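Fold and contact review
Spelled out from the first residue to the last, the chains are:
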Amino acid sequence: MSNTASLKNEYKERIVPALTEQFGYKSRMQVPVLKKIVINMGLGKLATADKKIIDVAISELSAITGQKAVATVSKKDISNFKLRKKMPIGVMVTLRREQMYEFLERLVRIALPRIRDFKGIDSKLDGRGNYTLGISEQIIFPEINLDSITKILGMNITFVTSAQTDEEGYALLKEFGLPFKNAKKA
C-alpha cells in the first residue's frame, strides 16, 4: 500500500501545484484529477471461435489489475461474424481509487519500459482530456506467466480525467509519468 500512497501523495504535493501554476487555476478544485482507468480486451473472432479464451482473458486481466474482470457481451446478432446477442466477446475492468493508482504506477514504471524498441506513446487525446493507450501484447506485465500463454492478446487502456481540454488532460497524464513521444507545446 505504500506505493499507492506515494503516487496519491505525489498528486497532492507536486502535481496539483504544478498544474495550478501552469494553467493559473484559482482553486484546488479546478485542477483536473484522474477519475478512473478502464482496461478493455476486445477478443472478437477469438471469442466466437474458442469459448475458453474468455476465461483465459478474465484470469489474465484480473491478475494484471488486481481486480476481477468481467466479460462484455454483444448487443445484437450479426450473422456474418457468427455472433449472437449476449455472446461474450471481450473482457473489461474499471479501476478507481487505490487500485487505479497502483495499476498506473506499475504501468509507467514496470510494464511500458519492458516493451521492445519503446520510443514513447502517442500524444493524441480524445478532445475532452481523456486518453486511450493501445497495447498489443499482455506479456509486458510481470504478473503474466509466459509459460502459460496460449494467445497473445492486446488491450486498450483508457485514462478518464476531469480535464476540460486536451491540453489539461495531457499535462495531468504527463505529470503522472506517462512517457509521451513528442512533447506538446503548453
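Let me sum up the structure you'll find in this document. For clarity, every value in this text was computed on a predicted model and none was experimentally measured. (Residues numbered from 1 in each chain as written. Predicted model: local features only at pLDDT ≥ 70, side-chain atom pairs only at ≥ 80, totals over all residues. Heavy atoms only, no water.)

Overview of the pattern of salt bridges
How we decide: We define a salt bridge as a side-chain nitrogen of Lys or Arg found within 4 Å of a carboxyl oxygen belonging to Asp or Glu. Helix numbers and strand numbers start at the N terminus; a helix is a DSSP run of H or I with at least 4 residues, a strand a run of E with at least 2. Exposure is judged per residue with a 1.4 Å probe applied to protein chains only, and the accessible area is read against the type maximum: over 50% gives exposed, under 20% gives buried, and values in between give partly exposed.
One pass over the full model with this rule turns up 1 salt bridge. Across the salt bridge formed by E175 and R14, the nearest N and O atoms sit 2.5 Å from each other. Of the two residues, E175 is situated in helix α5 (residues 166-176) and R14 in helix α1 (residues 2-23); the sequence distance between them amounts to 161 residues. On the basis of relative accessible area, E175 is assigned to the partly exposed category, the value being 21%.

Points about the side chain of E168
The test is simple: When charges are counted, Lys and Arg contribute as positive and Asp and Glu as negative, whereas His and the chain ends are disregarded. We define a polar contact as two N or O atoms separated by no more than 3.5 Å, with the added condition that, inside protein, one atom must be a possible hydrogen donor and the other a possible acceptor, whereas residues neighbouring each other in sequence contribute only through side-chain atom pairs. What makes two residues a contact is simply this: any of their non-hydrogen atoms within 4.5 Å.
Among the structural elements, E168 can be located in helix α5. One buried charge, E168, has no salt-bridge partner; the nearest side chain with opposite charge is K35, at 11 Å. Side chain to side chain, E168 and Y25 meet in a polar contact 3.1 Å long. Once residues lying within four places of it in the same chain are set aside, the contact partners of E168 are F23, Y25, P32 and A163.

Some words on helix α4 (residues 97-111)
Here is the rule we go by: Expected helix span is given by 1.5 Å per residue-to-residue step, counting one fewer step than there are residues.
In this model, α4 (15 residues) spans 20 Å end to end at C-alpha, consistent with the 21 Å of a helix rising 1.5 Å per residue. Listing the buried residues of α4 in full gives M100, Y101, F103, L104, E105, R106, L107, V108 and A111.

As for the pairing of strand β4 (residues 131-135)
Applied cut-off: Strand pairing is assigned whenever DSSP detects at least two bridges linking the two strands.
Of the two faces of β4, only the one carrying Y131, L133 and I135 is buried; T132 and G134 on the other face are not. One ladder, built from 5 bridges, connects β4 with strand β5 (residues 155-161); its direction is antiparallel. Looking at the pairing, L133 lines up with I157 of β5.

Describing the environment of E60
Within the element layout of this structure, E60 appears in helix α3 (residues 52-65). With 84 residues separating them along the chain, E60 and I144 place their C-alpha atoms 6.7 Å apart.

Details of the nonpolar core
As a reminder, the rule being used: Take the buried residues of types Ala, Val, Leu, Ile, Met, Phe, Trp, Tyr and Cys, join any two whose side-chain atoms come within 4.5 Å, and each joined set is a nonpolar core.
Core analysis: the biggest nonpolar cluster contains 49 residues, and I37, L107, F141, I157, F159 and L178 have the highest contact counts within it. For this core, the secondary-structure elements that each account for two or more residues are α1, β1 (34-42), α3, β3 (88-95), α4, β4, β5 and α5. Top element by residues in this core is α4. It accounts for 7 residues. Setting aside residues no more than four positions away along its own chain, L178 makes contact with L104, L107, V108, L112, I121, F159 and L173.

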